[in-house]
Amino acid sequence: MGVGCGVGLCHGAGFRPGLGGGAQVRRAIDPAVAAVFDVDVHDLSAATRRSPRAAFARQVAMYLAHVVCGLSLTEVGGLFARDRTTVAHACEVIEDRRDDPELDGRLEHLERAVAALIDALAWHRGRR
């Protein structure tokens, strides 16, 4: 199982929902997921599904916001303009596909990277 696994690493890194935290989550997750899955970063915020690759990358982004950052399904849905049931489905899809060693490796790297970026953003905000 991956680094996050419901622990909420972003909360330990100074992440606080409601205090600009959503923007921090998206700033950390979106570019990393877009790069790893070779999609345009704007596709992750699109109101429509887009390509299957973009839809999967968006599911990964929602999964990371929930698992690594410990956001509720409702909070993640708000960040991605999706219903909480859509986020729950996305998390189930990603969990089910973690049996693939290549995908699991990508997700582990993304989990560590997102946690580190959130930590760096929180540290930077604290110094202002």
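One can find the structure itself at the top, above this paragraph.
The following refers to the structure shown. (Residues numbered from 1 in each chain as written. Predicted model: local features only at pLDDT ≥ 70, side-chain atom pairs only at ≥ 80, totals over all residues. Heavy atoms only, no water.)

## What about the packing of helix H4 (residues 73–80) against helix H5 (residues 84–97)?
Then, number 1: Between H4 and H5, the least distance of the axes is 8 Å, while the angle of their chain directions is 100°. The angle between the axes of H4 and H5 places the two elements in the roughly perpendicular class. Seen from H4, the contacting residues are Leu73, Thr74, Val76 and Gly77; seen from H5, they are Arg84, Val87, Ala88 and Cys91.
Then, number 2: Among the residues making up the contact of H4 with H5, the classes are represented as five nonpolar, two polar and one charged. (Axes fitted to C-alpha atoms, helices over the stretch in contact; angles between N-to-C directions. Helix = DSSP H or I, 4+ residues; strand = E, 2+ residues; numbered from the N terminus. Parallel < 35°, antiparallel > 145°, perpendicular 65-115°, else oblique. Contact = heavy atoms within 4.5 Å. Nonpolar A, V, L, I, M, F, W, Y, C, P; charged D, E, K, R; others polar.)

## A few points about the side chain of Asp30
Then, number 1: You can see Asp30 is positioned in helix H2 (residues 21–37).
Then, number 2: Within the local environment of Asp30, its side chain forms a polar contact with the side chain of Arg26, the two groups lying 2.8 Å apart.
Then, number 3: Not counting the four nearest positions on each side in its chain, Asp30 is found in contact with Val41, Leu44, Ser45, Ala61 and Phe80. (Polar contact = N/O pair within 3.5 Å; in protein donor to acceptor, adjacent residues only side chain to side chain.)

## Notes on the pattern of salt bridges
Then, number 1: Enumeration according to the criterion identifies six salt bridges in this entry.
Then, number 2: Salt-bridge contacts for Arg50 lead to Asp43; the nearest nitrogen and oxygen are separated by 3.4 Å.
Then, number 3: For Asp43, a relative accessible area of 17% corresponds to the buried category.
Then, number 4: Between Glu111 and Arg98 there is a salt bridge; the shortest N-O distance is 2.8 Å. Here Glu111, found in helix H6 (residues 101–127), pairs with Arg98, found in the loop between H5 and H6; they are 13 residues apart in sequence, far enough to count as distant.
Then, number 5: With relative accessibility at 0%, the residue Glu111 sits in the buried group.
Then, number 6: You can call Arg98 buried: its relative accessible area is 8%.
Then, number 7: Within this structure, Arg98, Asp104 and Glu111 form a network of salt bridges that share partners. (Salt bridge = Lys/Arg side-chain N within 4 Å of Asp/Glu carboxyl O. Buried < 20%, exposed > 50% of the residue type's maximum accessible area, 1.4 Å probe, protein only.)

## Considerations on unusual backbone geometry
Then, number 1: The backbone of Arg50 sits at a positive phi, close to 70°, despite the residue not being glycine.
Then, number 2: A positive phi angle, near 55°, is found at Ala81, a position not held by glycine.
Then, number 3: Following the sequence through the fold, Ala81 ends up in the loop between H4 and H5.
Then, number 4: By relative accessible area, which is 68% here, Ala81 ends up exposed.

## Quick look at the environment of Ala54
Then, number 1: As for its position among the elements, Ala54 is in helix H3 (residues 52–67).
Then, number 2: In this structure, the C-alpha to C-alpha distance between Ala54 and Phe37, residues 17 residues apart in sequence, is 8.1 Å.
Then, number 3: Non-local contacts of Ala54, meaning those with residues more than four positions away in its chain, are made with Val39, Asp43, Leu44 and Arg49.

## A closer look at H4
Then, number 1: Turning to H4, its buried residues number three or more, namely Leu73, Val76, Gly77 and Phe80. All buried residues of H4 project into a common sector of 105° when viewed along the axis, lining one side. Away from its buried face, by an angle of more than 90 degrees, H4 presents the exposed residues Thr74 and Gly78.
Then, number 2: Phi turns positive one or two residues past the end of H4, at Ala81, with a value near 55°. (Arc of directions from axis to C-beta.)

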